[in-house]
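Coordinates in review
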Amino acid sequence: MTWFAAVARLRARREAGVLVTVATVRGHAPRNAGAKLVVGRNETWGSIGGGNVEAVTTDRARELIAAAAPEPELLDFALNDKVTNRHGVQCCGGTVSVLLEPLPVVRAVAIFGVGHVGMELARVLARQDLDLHLIDSRSDILADERLAVLADAVAAVRVHHTPLLPEEVLDALPRGTHVLIMTHDHAEDAALCDAALRTPHLGSIGLIGSAAKWGRFRARLRTEGGHDEAAIGRIKTPIGLTDITGKDPATIAVSVAADLLRTFEAEGSEEREHRRDESSAGIDEKARAAARGGCGNTFTEKSPPGDG
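Okay, so let's go over this structure. Computed from a predicted structure; not experimentally measured.

So, on to the environment of Glu71. Inspection of the secondary structure puts Glu71 in the loop between α2 (51–66) and β4 (73–78). When the C-alpha positions of Glu71 and Leu100 are compared, they lie 8.5 Å apart, and in sequence the two are 29 residues distant. Those residues in contact with Glu71, other than ones at most four positions away along the chain, are Leu64 and Pro102.

Okay, structure coming up:
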């Protein structure tokens, strides 16, 4: 598998990873500058030459995956028999610098209803690095010529035409997808709210509309849908920043996008705290293993043949 296919696979799985590149080579080394390795939490793709260089780099990449706020970094290696290595000897005679670039999990957003507001919102969110799903039951709304303004999108835009049951798309959305409901039909909105509450893997759920609309929906979700107050509370309405009161589509779109980005920030803080707790637990386990006379996850391996 090519390195960019591996990166795409991690993105599709919504898994963090690290892209490793041999940045510089002086003298003899197993691989030339530009060689790449993709490291996931449990898998790797490609190679930067094997042996100690690859083993140490893979270890460090997985530490970055677990880190609270990983940043790109360079690792330098001297390939000679005078250097004490963690994973065996590599004595090619040269030196190698390796660049590690963290690949974060990309956010996903689904807009149900690509009318005036939905289209303006899509134009704003398309400038972000995320997976953007556009769903509508009207084929003309999703016509190529109408969506042409998104041709240069940074986001990965995916279009879903759902003439009968838009809510069926919910099950196929990536885990953690943030859902925004703003269709042309209040009955469709109500069905989507009910279905979204029955889809546990979603992120936040937002509904556009007035207090009167939400009052009717809330009663139906409780009586007809059988949802309790805690579940119904997952739906945020109105959406957008409360201190931006303009009602034209472009203004609403900017307000909703800003509020969503703020949600991303809060979610990122929670994820970093979770990774920090996991990392601390791992360190504590290694300490306990050392106290028992074990060696935790450390090991020594010899360079395989042909690895410098």
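Right, let's get into unusual backbone geometry. Omega for the bond connecting Thr237 with Pro238 falls within 30 degrees of zero, at 0°, which places this linkage in the cis form. Even without being a glycine, Arg14 presents a positive backbone phi close to 60°. Along the chain, Arg14 falls in the loop between α1 (3–13) and β1 (17–26).

Here the focus is the packing of aromatic side chains. The tally for this structure, following the rule as stated, stands at one aromatic pair. Note on Trp3 and Phe4: the rings are 5.7 Å apart at their centroids and 85° apart in plane angle, and the pair reads as edge-to-face. Owing to a relative accessible area of 36%, Trp3 belongs among the partly exposed residues under this scheme. Seen from the ring of Trp3, Lys36 lies directly overhead, with NZ or CZ sitting 5.1 Å from the centre.

To continue, consider the pattern of salt bridges. Counting across every chain of the model gives 16 salt bridges. Where Asp152 meets Arg127, a salt bridge forms, and the shortest distance between an N and an O atom there is 3.6 Å. Pair noted here: Asp152 is in the loop between α4 (144–147) and β8 (156–161) and Arg127 is in the loop between α3 (116–125) and β7 (130–136), with a separation of 25 residues, a long-range link. Connected through shared salt-bridge partners, Arg11, Asp129, Asp131 and Arg158 make up one network.

This brings us to the side chain of Thr177. Looking at where Thr177 falls in the secondary structure, it is placed in the loop between β8 and β9 (178–181). The class for Thr177 is buried, based on a relative accessible area of 0%. Leave out the neighbours within four places in its chain, and Thr177 touches Ala108, Val109, Ala110, His201, Leu202, Gly203 and Ser204.

Turning to the nonpolar core, a few remarks are in order. Counting residues in hydrophobic clusters, the biggest one holds 28 residues, and the most contacted among them are Val109, Ile111, Leu121, Leu132 and Leu180. Those elements giving two or more residues to this core turn out to be β6 (107–112), α3, β7 and α8 (249–291). Looking at this core element by element, the count peaks at six residues for α8. Other than its neighbours up to four places away in sequence, Leu180 contacts Val109, Ala110, Ile111, Phe112, Leu121, Gly206, Ile239, Val256 and Leu260. Ranked by size, the runner-up nonpolar core spans 22 residues in total, among them Ile181, Cys193, Ala195 and Ile232.

With that settled, the discussion passes to the environment of Gly113. Tracing the chain through its elements places Gly113 in the loop between β6 and α3. Assessed through its relative accessible area of 1%, Gly113 is described here as buried. Considered as a pair, Gly113 and Ile181 are 68 residues apart in the sequence and their alpha carbons are 6.7 Å apart.

Calculation rules
- Residues numbered from 1 in each chain as written.
- Predicted model: local features only at pLDDT ≥ 70, side-chain atom pairs only at ≥ 80, totals over all residues.
- Heavy atoms only, no water.
- Helix = DSSP H or I, 4+ residues; strand = E, 2+ residues; numbered from the N terminus.
- Contact = heavy atoms within 4.5 Å.
- Phe/Tyr/Trp six-rings, centres within 6.5 Å; stacked < 30°, edge-to-face > 60°.
- Buried < 20%, exposed > 50% of the residue type's maximum accessible area, 1.4 Å probe, protein only.
- Lys NZ or Arg CZ within 6 Å of the ring centre and 35° of its normal.
- Salt bridge = Lys/Arg side-chain N within 4 Å of Asp/Glu carboxyl O.
- Core = buried A, V, L, I, M, F, W, Y, C linked by side-chain atoms within 4.5 Å.

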